[in-house]
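The primary structure of each chain is shown beneath.
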Amino acid sequence: MGFSFGMEALEHRTLFAAATAAPPPPVTFGALQMYTSGEHVGHLAVGDFNGDGFADVALTNRDSNSISVFINAGNGTFAAPVKYKVFRPENVIAADFLGNGKIDLAVIGSAPNSDNAVNISSGSSSNDQKDGLSLFIGNGDGTFNPTPIDYKIRRGTRSAVAGDFNHDGLPDLAVTGQFGLTTTQNAGNGVFAPQVIYRTGDGNASYVTKADLNNDGNPDLILAKGSTSKLRILLGDGSGTFTLTPKPVLIGGINPISITTGDFNGDGNQDLVVAGNGFRQGMRTLLGSGDGTFSARIPTKFTGFLQSVAAGDFNNDGKPDVVAVDFTSSLQVFVGNGDGTFQTPERQHGGTQGFVVGVADLNNDGKLDLLFSRHNSLEVLLNTTGT
């Protein structure tokens, strides 16, 4: 996959823009809030679990065999969590899987949660090792049925994304697995169809997310191949079926661990920011061409070990920014210039063992706040930009 202009031209354009345009407003956050969750916290999911108009949070506690549900008090603070038992949770997704207006939680585990879990792992022997998918049905009041609907899914799952891939009004699931990706369509009432396998080569996939890359109104899938410097793109046709594009996307010297999407250069096409899993690997911004391909690759330096990236307009200037959490030292915000490049990052918090970052307006003040998992806790930074 080619690029339409070289890095020299890109660097010249970036320097010219920096010299002629006023710098974007800085981003500030308040004091760090910490909420104890459980042992070895991991992925988090955000949704309005009790219908009060405020964002609540679910967080995995892998070594405690549980997930924690934090209910928002209405001002961006949280009471002690309610915990739900599930075996070795690795990821959690919040969505209305039943289509009844209530948020449910789909939890991905490194093994099935129960002996009677339904096997939907198509294409493999029933004797093969399986991962688990557990669906906790939401009651609409912030609580969930403590007895989930359990499934067995293909081994190797660590990342997942929900989306209405067939336009039936119900969120479906795409999950990483051995040698590629699987999708499963949501039939409603907590029932998932057998998984469809998409083999993508080059070893196991490490991360998956979605975006409409070719502007046809259908969600597409972006897959990170963690042991390589490659992404794979699967274009959706709106029926729940995807087509793997012929060539991988080369991202230039980093092993991708996390991806976030947005229109970072304001041309109406979805772009990607990809985090590298290694010391000083930094990030790559891939500018979308609007047809599922990318026209430029812009490097952004980062000195630590990146773990997770997320996008949002944190200073409300109409240009998307990126927040990155570092495993060893800090959480940093890269303020967007609106042309696909970013300002020197603003360090917001220092600490250890950062894992996953999330974005939501937790106190409904019109500013995006930050959530991240770290060691045994959920941590929150409320956005104070402009105050």
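Per chain, residues are indexed from 1 in the order of the written sequence. In keeping with the model being predicted, local features are shown solely for residues with a pLDDT of at least 70 and side-chain atom pairs are shown and tallied solely at 80 or more, while totals for entire chains, interfaces and linings include all residues. By convention in this description, side-chain values take in all heavy atoms of the structure and omit both hydrogens and water.

Secondary structure assignment for the protein yields one helix and 32 strands. Relative accessibility under 20% of the residue-type maximum defines a buried residue, over 50% an exposed one, and the middle range a partly exposed one, all with a 1.4 Å probe and only protein chains included. When burial is assessed residue by residue, the protein has 54% of its 387 residues classed as buried. At a minimum sequence separation of 6, the contacts of the protein that also span at least 24 residues come to 49%. Total accessible area on the protein is roughly 15100 Å²; 52% of this is exposed by carbon and sulfur atoms. Put simply, DSSP H or I for four residues or longer makes a helix, DSSP E for two residues or longer makes a strand, and each gets a number counted from the N terminus. In this analysis, two residues are considered to be in contact whenever any of their non-hydrogen atoms come within 4.5 Å of each other. For accessible areas, the Shrake-Rupley method is used with a probe of radius 1.4 Å. Any residue's cover is judged against the shown protein chains and nothing else.

Another point: the sheet that holds strand 11 (residues 160-163). Strands pair in a sheet through their backbones, by hydrogen bonds, and they do so in one of two ways: parallel or antiparallel. Strand pairing is assigned whenever DSSP detects at least two bridges linking the two strands. The four strands lie next to each other as 11-12-13-16, forming an open sheet whose pairing is antiparallel. Each of the sheet's edge strands pairs with one partner strand only, and the pair in question is strand 11 and strand 16 (196-199). In this sheet, adjacent strand axes meet at a mean angle of 20 degrees when their direction is disregarded. Where strand 11 and strand 12 (residues 172-177) come together, four bridges link them in antiparallel fashion. Note that in strand 12 the partner of Val161 across the bridge is Ala174. The axes are straight lines fitted to the C-alpha atoms, using for helices just the contacting stretch, and the angles between their N-to-C directions are given from 0 to 180°.

Before going further, it helps to spend a moment on the sheet that holds strand 25 (residues 294-300). Here four strands make up an open sheet; going across it, the order is 22-23-24-25 and the pairing antiparallel. The sheet terminates laterally at strand 22 (256-262) and strand 25, the two strands that pair on one side only. Direction aside, neighbouring strands of the sheet carry axes that sit 20 degrees apart on average. Here four bridges tie strand 23 (residues 271-276) to strand 24 (residues 283-288), and the two strands are oriented antiparallel to one another.

Think of it this way: a Phe, Tyr or Trp ring, Trp meaning its six-membered ring, pairs with another when their centres are within 6.5 Å, and the plane angle makes it stacked under 30 degrees, edge-to-face over 60, tilted otherwise. Throughout the structure, instances matching the rule amount to twelve aromatic pairs. Summarising the aromatic geometry, the rings of Tyr151 and Phe192 are spaced 5.7 Å apart at their centres and angled 85 degrees between planes, so their arrangement reads as edge-to-face. Highlighted residues: Tyr151 in strand 10 (residues 149-154) and Phe192 in strand 15 (residues 191-192), separated in sequence by 41 residues. Taken together, the aromatic side chains of Phe49, Tyr84, Phe136 and Phe144 make up a single cluster linked through ring pairs.

Another point: the pattern of salt bridges. Whenever Lys or Arg places a side-chain nitrogen within 4 Å of a carboxyl oxygen from Asp or Glu, that contact is recorded as a salt bridge. Enumeration according to the criterion identifies five salt bridges in this entry. With a closest N to O distance of 3.4 Å, Arg62 and Asp63 form a salt bridge. The exposure class of Asp63 is partly exposed, given its relative accessible area of 40%. One salt bridge connects Asp63 with Arg88, and the closest N-O pair in it is separated by 3.0 Å. Pair noted here: Asp63 is in the loop between strand 3 (56-61) and strand 4 (66-70) and Arg88 is in the loop between strand 5 (82-85) and strand 6 (89-95), with a separation of 25 residues, a long-range link. One network of salt bridges, in which partners are shared, links Arg62, Asp63, Arg88 and Glu90.

In short, shape yes, function no, at least from these values alone.
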